[in-house]
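Single-letter residue listing:
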Amino acid sequence: MTYVVTDNCIACKYTDCVEVCPVDCFYEGENTLVIHPDECIDCGVCEPECPADAIRPDTEPDMDKWVEFNRKYAELWPVITQKREPMEGYKERDGEKDKLTKYFSPNPGEGS
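Residues numbered from 1 in each chain as written. Predicted model: local features only at pLDDT ≥ 70, side-chain atom pairs only at ≥ 80, totals over all residues. Heavy atoms only, no water.

1. Let's talk about the pattern of salt bridges
Okay, step 1: Scanning all chains against the criterion turns up 9 salt bridges.
Okay, step 2: The closest approach of N and O atoms between Asp16 and Lys83, which form a salt bridge, is 3.3 Å. With a gap of 67 residues between them, Asp16 in helix 1 (residues 16–20) and Lys83 in the loop between helix 2 (64–74) and helix 3 (90–93) connect regions that are remote in the sequence.
Okay, step 3: With a shortest N-O distance of 2.8 Å, Arg71 and Glu68 are connected by a salt bridge. Of this pair, Arg71 and Glu68 both sit in helix 2, 3 residues apart, roughly one helical turn. (Salt bridge = Lys/Arg side-chain N within 4 Å of Asp/Glu carboxyl O. Helix = DSSP H or I, 4+ residues; strand = E, 2+ residues; numbered from the N terminus.)

2. Re the environment of Cys21
Okay, step 1: Looking at where Cys21 falls in the secondary structure, it is placed in the loop between helix 1 and strand 2 (26–28).
Okay, step 2: Between the C-alpha atom of Cys21 and that of Gly89, which follows or precedes it by 68 residues, the distance is 25 Å.

3. Side note on the nonpolar core
Okay, step 1: Counting residues in hydrophobic clusters, the biggest one holds 19 residues, and the most contacted among them are Cys17, Phe26, Leu33, Ile35, Cys46 and Ile55.
Okay, step 2: Within the residue set of this core, elements represented by two or more residues are strand 1 (3–5), helix 1 and strand 3 (33–35).
Okay, step 3: Apart from residues no more than four positions distant in its own chain, Ile55 is found in contact with Tyr3, Val4, Val5, Cys17, Phe26, Ile35, Cys46, Glu47 and Cys50.
Okay, step 4: Core analysis: the second largest hydrophobic core is formed by 13 residues, Ala11, Tyr27, Val67 and Ala74 among them. (Core = buried A, V, L, I, M, F, W, Y, C linked by side-chain atoms within 4.5 Å. Buried < 20%, exposed > 50% of the residue type's maximum accessible area, 1.4 Å probe, protein only. Contact = heavy atoms within 4.5 Å.)

4. Structural notes on the side chain of Lys13
Okay, step 1: On the secondary structure map, Lys13 appears in the loop between strand 1 and helix 1.
Okay, step 2: By relative accessible area, which is 10% here, Lys13 ends up buried.

5. Side note on empty space enclosed by the protein
It is a probe the size of a water molecule, rolled over the atoms, that shows where empty space is left.
Okay, step 1: Following the criterion strictly, the structure yields 2 cavities of 30 Å³ or more and no others.
Okay, step 2: Computed from the structure, the largest cavity encloses a volume of approximately 70 Å³.
Okay, step 3: Forming the walls of the largest cavity are 13 residues, and the residues nearest its centre are Cys21, Cys25, Cys40, Cys43 and Cys46.
Okay, step 4: Considered class by class, the residues forming the lining of the largest cavity number 12 nonpolar, 1 polar and no charged.
Okay, step 5: By volume, the second largest cavity amounts to about 30 Å³.
Okay, step 6: Among the residues making up the lining of the second largest cavity, the classes are represented as 8 nonpolar, no polar and no charged. (1 Å grid on protein atoms, 1.4 Å probe; cavity = no way out; pocket = protein on both sides within 12 Å on 5 of 7 lines; lining within 4 Å. Points joined across faces, edges and corners; volume = space filled by probe spheres on them. Nonpolar A, V, L, I, M, F, W, Y, C, P; charged D, E, K, R; others polar.)

6. Considering helix 2
Okay, step 1: Among all positions of helix 2, only Trp66, Val67, Phe69, Asn70, Tyr73 and Ala74 are buried. The buried residues of helix 2 all sit within an arc of 165° when viewed along its axis, so they share a single face. Of the residues in helix 2, the exposed ones pointing more than 90 degrees away from the buried face are Asp64 and Lys65.
Okay, step 2: Tucked inside the fold, the buried residues of helix 2 contact strand 1, strand 2, strand 3 and helix 4 (99–103). (Arc of directions from axis to C-beta.)

By themselves, these observations are geometric and do not establish any function.
Right, dumping it as structure tokens:
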């Protein structure tokens with residue numbers, strides 16, 4: 001099992017999860033985070049830290065696409081280990097549907 005970031009992180013990008021990760025397996029895009037599924041040790045400490053409920057175990061239904069999404073961008077983006085403020089407008093976008101289609105950017109973030 002591994003944990004993955006899903007589309008509710010897009011355009012919100014809370015970073016509460018990165019501070020608690022014991023293996024630094026979060027990677028930062030311009031407007032979302034991902035977890036490298038091969039680096040995640042399945043400890044689960046990140047899941048309850050996410051205010052947007054965007055971190056899910058890969059054992060839930062239909063998570064295969066998110067595992068591959070997380071793997072792909074974790075290979076391209078810089079690691080992030082320090083908490084930052086969420087994106088502007090995060091309250092309005094939290095829980096919005098179709099965020100992958102509407103807002104996703106493949107550009108890397110700053111990392112830390």
